[in-house]
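# Remarks on the overall topology
Each chain is listed here by its residues.
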Amino acid sequence: MNQPFSEADLERRRSASRRLGWLLAAAVAAIYLLGLFIKR
Amino acid sequence: MSTATTHAAEHPAEHYHGGLMRWLTTTNHKDIGTMYLTFSLIMFFVGGLMILAVRAELFQPGLQMMQPEFFNQLIGVHALVMIFAALMPAATGFANWMIPLMIGAPDMALPRLNNWGFWLLPPAAILLTLPFTLALFGIGDGAIATGWTFYAPLSVQGGMGVDFAILSVHILGISSIMGSINIIVTIFNMRAPGMTMMKLPLFAWGWLITAFLLIATLPVLAGAVTMLLTDRHFGTHFFSAAGGGDPILFQHLFWFFGHPEVYILLLPVWGLMPHVLSTFSRKPTYGYKAQVYSFIAIGLLSVIVWAHHFFTAGMPVPALIYFMFSTMAISLPLAVLFFCWIATMWKGAMTFETPMLFAVGFIVLFGIAGLTGLILADVAADAQYHHSYFVVAHFHYALFAGGIMGVMTGVYYWLPKWTGHMYSEKLGKLHFWLTVVSFNLTFLPQFFLGLAGMPRRIPDYALQFAEFNAISTVGAFILGLSQLIFAWNIWSCVRGGSKVDNRVWEGAEGLEWELSSPPPHHSWETQPVVK
């Protein structure tokens, strides 16, 4: 019998997702801004 | 707490709104997937109409219908619309609809971000096309006329259509990055118990690599067009030779994004193909791991080959040789994919429903794109073919036969699951045959035009090119009209039709086929266990 998703499990998964999401967003911002500091 | 309550807490808006507000505020992955796909279909027709006007102008030599400036605007916006507003949203629509169903998740991990990701698209599309309308009222000189590549210095000197396109591309990029972040975190964090990464459906694998490519390369495009904006309005000289800048720098930055973009458009389709081929061959997918590793290899190689797009701009011989061989190296993992697709069908109990027809058509026609791509990767040969219609034909075999026909494969494959109704097979097959024949009628002659020396992006041409251009235009109009059958078939299927079972196709395997058709409002209220 399959188990329902528990509130705690979903919250744990979504918290991990938010953390990784911010990390990826920071990577995007870093790549975007990095170009300004490359000596041309 | 009950499962239903859990989901209600995560999707507060959808329980209180109907009508338009439901679509504006929805956080449900299926609603958002539907919006992406609908938007994509609309923009497919908008981009298609633009290029039909172009093909009408090219029906015979001389200027018949429009001035060269308007011709160039139509070509550039056609490409931007088809790439950013039709193909990419279609793939994101598939991801939204199918990834949670395939991995056993109740929804995408970040539903509100998902809503934002979609609703950035319509204003961006309006910005891209608005300069056409403004020009009708005497405001500005029309849309961007540089082609989709924004090459400097032409784009530095262009009218306000360039500014609209720069702003639009920024917004489209932000939307794509939001979608990519959501897809990555959903795949990493929301999989059902037992679904290890090496049990992940290949469609999700294809999208995972796509999402990482978007995150790595879109900021570079955004940076390039921001620098272009500052060159245009704030006195910088990044791309201006007169001010000590370098126009070729723009080409490097653009194609660092632009070449992976090809795989961004194609990887979701390559991920989808094994599902369709396996279903209609009634055999397990051949070479699951080989396909996963090929996706990863193609993703890595795609970011180190960009300069083959401008061999003729001039670069040191060692660089030419490096970019030639690295480009050719992509054909190795791609050949592995082709082998796996064919091996999946080999000795299978094949039937040819519409999705399978499109999948087989995709393999044959996309194969032509791959082979002609190898020719263009050759530095010596490219000197002749560069900026000719050979290139136009090549990338339409890649992006129409590979991309759009891949999307059509997915639509026919999953539409019964999404709607609970079967589409008309008769119309589907008619759509397939008309599309394949007219597509080849349109683009096969363009290989010969290119080989004979006809340059791209010109509204007039020498008499020697007249016959092939006339054939190409007739093909384009049949191709365009054929797509009305596609739209009608989708519309009819959404409105009604014979009911389908959970497992729509006899040979279909995967979690998504265990849910009802259409799936319940909240997908996967209980956790499936993958053995």
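Only a predicted model underlies this, so the values are computations on that prediction, with no experimental measurement involved.

Each helix and strand counted, chain B has 18 helices and zero strands in total. Compactness check: chain B gives a C-alpha radius of gyration of 23 Å against a globular reference of 24 Å for 531 residues, within 12% of the reference. For chain B, the spread of C-alpha atoms along the principal axes amounts to about 70 × 50 × 45 Å. Split into buried and exposed, the 531 residues of chain B put 53% on the buried side. Partitioning the intrachain contacts of chain B with sequence separation of at least 6 by distance along the chain shows that 81% fall at a separation of at least 24.

Tallying secondary structure elements over chain A gives one helix and zero strands in all. Of all 40 residues assigned to chain A, the portion counted as buried reaches 15%.

In a soluble, globular protein the nonpolar side chains are often hidden away together inside. All names here are of chain B. Leu87 and Ala204 are the most contacted members of the largest nonpolar core, which has 169 residues in total. Of the residues forming this core, the biggest block, 24 residues, is contributed by helix H4 (residues 68-103). Apart from residues lying up to four places away in sequence, Leu87 is in contact with Met82, Leu265, Leu399, Gly403, Ile404 and Val407.

Residue and element names in this part refer to chain B. One can describe the packing of helix H16 (residues 389-419) onto helix H17 (residues 425-451) by two numbers: an axis separation of 7 Å at closest approach and a directional angle of 165 degrees. Regarding the angle of H16 to H17, the classification is roughly antiparallel. Seen from above, H16 lies across H17 with left-handed handedness. Two secondary-structure elements touch here, H16 through Tyr389, Phe390, Val391, Val392, Ala393, His396, Tyr397, Phe400, Ala401 and Tyr412 and H17 through Gly428, Phe439, Phe443, Gln446, Phe447, Leu449, Gly450 and Leu451. Taken together, the residues of the contact of H16 with H17 break down into 14 nonpolar, four polar and no charged.

All names here are of chain B. Between Ala152 and the following residue, Pro153, the backbone shows a cis peptide bond with an omega angle of 5 degrees. Note that Pro153 resides in the loop between helix H6 (121-136) and helix H7 (154-157). Here the amide bond leading from Ser517 into Pro518 is cis, since omega sits at -5 degrees, within 30 degrees of zero. Its place among the elements puts Pro518 in the segment after helix H18 (466-495). Notably, Arg282 is not glycine yet its phi reads approximately 55 degrees, a positive angle.

So, on to the environment of Phe295 of chain B. By the secondary structure assignment, Phe295 of chain B is in helix H11 (residues 288-302). Leave out the neighbours within four places in its chain, and Phe295 of chain B touches Trp205, Gly206, Ile209 and Leu267 of chain B.

Let us look at the confidence of the model for chain B. Residue and element names in this part refer to chain B. Taken as a whole, chain B shows an average pLDDT of 94; of its residues, 97% reach a score of 70 or greater. Here residues 1-9 scores under 50 on pLDDT; set against residues more than four positions off or in separate chains, the count is 12 contacts. Both scores are available for the predicted complex, with the pTM at 0.94 and the ipTM at 0.90.

Let us look at helix H5 (residues 111-119) of chain B. Among the residues making up H5 of chain B, those that are buried are Pro111, Asn114, Asn115, Gly117 and Phe118 of chain B. On an axial view of H5 of chain B, the arc spanned by its buried residues comes to 160 degrees, and they lie on one face.

The next thing to look at is helix H1 (residues 7-37) of chain A. Between its first and last C-alpha atoms H1 of chain A spans 45 Å; for 31 residues at 1.5 Å apiece the expected length is 45 Å, and the two agree. Within the span of H1 of chain A, buried status applies to Leu10, Arg13, Ser17, Gly21 and Val28 of chain A.

Time to look at the packing of helix H10 (residues 247-281) of chain B against helix H14 (residues 354-377) of chain B. Residues and elements named next belong to chain B. Relative to each other, H10 and H14 sit at 125 degrees, their axes nearing to 10 Å. As the angle between them shows, H10 and H14 are arranged oblique. For the crossing formed where H10 meets H14, the hand is left-handed. Of H14, the residues touching H10 (which contributes Met273, Val276, Leu277 and Phe280) are Pro355, Met356, Ala359 and Phe362.

Conventions we followed
- Residues numbered from 1 in each chain as written.
- Chains lettered and ligands numbered in written order.
- Predicted model: local features only at pLDDT ≥ 70, side-chain atom pairs only at ≥ 80, totals over all residues.
- Helix = DSSP H or I, 4+ residues; strand = E, 2+ residues; numbered from the N terminus.
- Rg over C-alpha atoms; globule rule 2.2 N^0.38 Å.
- Buried ≥ 20, exposed ≤ 12 C-beta atoms within 10 Å, placed from the backbone.
- Contact = placed C-beta atoms within 7 Å.
- Core = buried A, V, L, I, M, F, W, Y, C linked by C-beta atoms within 7 Å.
- Axes fitted to C-alpha atoms, helices over the stretch in contact; angles between N-to-C directions.
- Parallel < 35°, antiparallel > 145°, perpendicular 65-115°, else oblique.
- Left-handed = near helix turned anticlockwise from the far one by under 90°.
- Nonpolar A, V, L, I, M, F, W, Y, C, P; charged D, E, K, R; others polar.
- pLDDT = per-residue confidence, 0-100.
- Arc of directions from axis to C-beta.
- Expected span 1.5 Å × (residues − 1).

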